[in-house]
Amino acid sequence: MREWSDETRAMLRGYDLPTLWRDPSVIYALTPDLRLAFHSESWVRFHEANGGGPGFDTRWGPGCRALDAIQGPLRSHFERVFRLVIHSGEVWQHTYECSSAAVFRQFHLRILPLPEQRGLLLVNSLIVERAHSDAERAPHSAVDTHYIDAHGIAHQCSHCRRMRRVDLPEDRWDWVPDWVTAPPPRTSHGLCEVCLLHHYPPFESN
Ligand SMILES: [Zn+2]
C-alpha cells in the first residue's frame, strides 16, 4: 500500500486512492501548476517497460514537472490542453500512438478536470495492441545518409516515431525500428504531416 500526502488526498478528495493505484489504466494526476501529484502502479510499470528503466518512479516522482517529460512540439500543445481543461472544467479526449519497435499500440487519453480547479486526472487506456503490419508500415534500415541531415541531425515524429527522409525531394517519413528503440544521439522531434493533421490540429484562435 502506498502512502499519499495530505495535499494529494485533498486534491483528489472524492477518489479512492488505493483503487486508483491498482487500476489497470495508466493514471496520474497533476497539480494546477502541472506538477505530478499522484500516479498509479501501472504508470510505473508502463514507463519501466518502455524505456524508463528500473526505478522510474524514484526519478520521476511527485513534484516533477509533467511538461519536462514531453518532447518537441507536443510540449506546447499539451501545456495549452492542460490549462484549457483546468480553466474550462471540460473533459478533453484524445487517441494517440505509443508503439515500440515490435508492437503497435494506441491509447485513449481522458483528461478530467478536478473540481474547483484543483488540477487534472489523466487516464490512459490501451485500446489497440498488435504486431506492426508490414503493409501499412514497412520497416526500413537505419541508414545515416537517408535520415541524418547536413548538420548531423535526425528528425523523428514525436507521435508516430517515423523518421524524415533527408535525401529525397518529397516529404517522406519512414518506419525505422532500430531508431524507435534508440534514436540517434542528435535527434530533433517534430510532427509528420499525417500526425499534424489528424492528431494535433491547430487550436481555434478564440
Ligand atoms: Zn507522425
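Definitions and limits used
- Residues numbered from 1 in each chain as written.
- Predicted model: local features only at pLDDT ≥ 70, side-chain atom pairs only at ≥ 80, totals over all residues.
- Helix = DSSP H or I, 4+ residues; strand = E, 2+ residues; numbered from the N terminus.
- Expected span 1.5 Å × (residues − 1).
- Buried ≥ 20, exposed ≤ 12 C-beta atoms within 10 Å, placed from the backbone.
- Arc of directions from axis to C-beta.
- Contact = placed C-beta atoms within 7 Å.
- Core = buried A, V, L, I, M, F, W, Y, C linked by C-beta atoms within 7 Å.

1. Let's talk about helix α5 (residues 74–88)
Then comes step 1: In this model, α5 (15 residues) spans 20 Å end to end at C-alpha, consistent with the 21 Å of a helix rising 1.5 Å per residue.
Then comes step 2: Along α5, the positions that sit buried rather than exposed are L74, F78, F82, V85 and I86. The buried residues of α5 occupy one face: seen down the axis, they fall within an arc of 100 degrees. Set apart from the buried face of α5 by more than 90 degrees, the exposed residues are S76, R80, H87 and S88.
Then comes step 3: Lining the buried residues of α5 we find β1 (26–30), β3 (92–97), β4 (103–113) and β5 (120–131).
Then comes step 4: Within two residues after α5, G89 carries a phi angle of roughly 75 degrees, on the positive side.

2. Some words on helix α3 (residues 41–52)
Then comes step 1: Helix length check: α3 (twelve residues) gives 14 Å between terminal C-alpha atoms against 16 Å at 1.5 Å per residue, more than 12% under.
Then comes step 2: Immediately downstream of α3, the backbone of G53 shows phi near 75 degrees, a positive value.

3. Focus: the nonpolar core
Then comes step 1: Counting residues in each nonpolar core, the largest one holds 22 residues, and the members touching the most others are I27, A29, L30, A37, F82, L120 and L121.
Then comes step 2: Breaking this core down by element, the ones donating at least two residues are β1, β2 (36–39), α5 and β5.
Then comes step 3: For this core, the element with the most residues is α5, which contributes five residues.
Then comes step 4: Once you skip the residues sitting within four places of it in the chain, L121 turns out to touch I27, A29, L112 and L114.
Then comes step 5: Among the nonpolar cores identified, the runner-up in size contains eleven residues, and Y147, C160, V180 and C195 belong to it.

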